[in-house]
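What the coordinates show
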Amino acid sequence: MLFFSFFKTLTNQTVTIELKNDIRIRGILKSVDQYLNIKLDDVEVLELVKYPHLSAVKNMFIRGSVVRYVILPRSEVDVGLLEDATRREAANQAGKAR
Amino acid sequence: MERLSLNESPANAQQQPQQGAQQNHNALGPAGQGPTPGPPQLPPQMFTTAAQLLDLTDKKLVLVLRDGRKLIGVLRSWDQFANLVFQDTIERIYAGNLYAEISRGIFIVRGENVLLLGEVDLDREDDLPPGITKAPYDEVWELKKQEDDKRKTSDKKRDRELQTMGFEPEHSGEILF
């Protein structure tokens, strides 16, 4: 659930999402859920010429399972804090598994 | 006494969510004033699949499926897995600079096959990218089939080459257009 919480802190930021079929979409992160399904507002599809079916789309629901990367604004991510949190989470998981 | 306890339990049940909501509120309170003051956070119920799909209901959407199909229709119903019901659906196919449409009716889509859902901006829906023109369905379908076959063979070739180098193809077993 760590990354779910992490993405929640990034709502209303502009992010770029790359899907597993190479489509890249930039938009304002509106919401994320437990499966990391993502909702984007004011979307802009990069290389739109290749994907004409997305030309009149203003907001989007993207299923978490098809996302390859989420590209985030560097200034909005506290990398140190995130590293600490991931390690703590990993330690917790290891503790639970034992 | 029995009646009392029966009456009491729903009352308790009603109170509990309220307490829960208050706790959430308290939990959110300090976060706003904490060491990293951020923008006010949205209520937790905003972050469910249901909430995300709720404001797309009864709107005209583009649905892209895992097999590359593009459907345009009105979202009428859904559940927490993003299983969807689409009404008055048309399928659009693209090939080269051509596209075609065919009416398909009602769809019930299993959630796992959904790639993305996009809300169509009704003011811009007829503005296709320049150079793209409508053509008869059969013609476009034939062209699309040729394109698909070409892509399939080139993908297969690439995957084989990658495999000889020890790379597993990225989405093996999963069809992703």
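Residues numbered from 1 in each chain as written. Chains lettered and ligands numbered in written order. Predicted model: local features only at pLDDT ≥ 70, side-chain atom pairs only at ≥ 80, totals over all residues.

Per an unreviewed UniProt entry, chain B goes by the name U6 snRNA-associated Sm-like protein LSm1 and belongs to Penicillium chermesinum. As stated in UniProt under Sequence similarities (unreviewed entry), the record for chain B gives "Belongs to the snRNP Sm proteins family." (UniProt positions renumbered as here; feature names shortened; annotations may be inferred.)

The name that an unreviewed UniProt entry assigns to chain A is LSM complex subunit LSm2, with the source organism given as Penicillium chermesinum. On record in UniProt, under Subcellular location (unreviewed entry), the comment for chain A is "Nucleus". According to UniProt, the comment filed for chain A under the heading Function (unreviewed entry) is "Component of LSm protein complexes, which are involved in RNA processing and may function in a chaperone-like manner."

For the rest of this paragraph, the subject is the overall build of chain B. Within chain B, the secondary structure is distributed over 3 helices and 6 strands. The buried share among the 177 residues of chain B stands at 16%. In chain B, 50% of the contacts between residues at least 6 apart in sequence involve partners at least 24 apart. (Helix = DSSP H or I, 4+ residues; strand = E, 2+ residues; numbered from the N terminus. Buried ≥ 20, exposed ≤ 12 C-beta atoms within 10 Å, placed from the backbone. Contact = placed C-beta atoms within 7 Å.)

Once that is clear, we can look at the UniProt feature "domain: Sm" (unreviewed entry) in chain A. When the UniProt feature table is mapped onto this chain numbering, "domain: Sm" (unreviewed entry) sits at residues 2-76 of chain A. Here residues 2-76 of chain A runs as 11% helix and 47% strand, with 16 Å between its end C-alpha atoms.

This part takes up the interface of chain A and chain B. Facing 27 residues of chain A, the contacting portion of chain B comprises 34 residues. Counting residues per element, the side of chain A that touches chain B draws most heavily on strand 4 (residues 57-62) of chain A, which supplies 6 residues. Classifying every residue of the side of chain A that touches chain B by side-chain character gives 12 nonpolar, 9 polar and 6 charged. Pairing of strand 4 of chain A with strand 5 (residues 114-120) of chain B involves 5 bridges; the strand directions are antiparallel. Directly across from A:Phe61, in strand 5 of chain B, lies its bridge partner B:Leu117. (Nonpolar A, V, L, I, M, F, W, Y, C, P; charged D, E, K, R; others polar. Pairing = 2+ DSSP bridges.)

All names here are of chain B. With 28 residues, helix 3 (residues 137-164) ought to run about 40 Å at 1.5 Å a step, and its terminal C-alpha atoms sit 40 Å apart, in line with that. Counting buried positions over the 28 residues of helix 3 gives 1, only a small fraction of the element. In the segment just after helix 3, Gly 166 is the residue with positive phi, at about 95°. (Expected span 1.5 Å × (residues − 1).)

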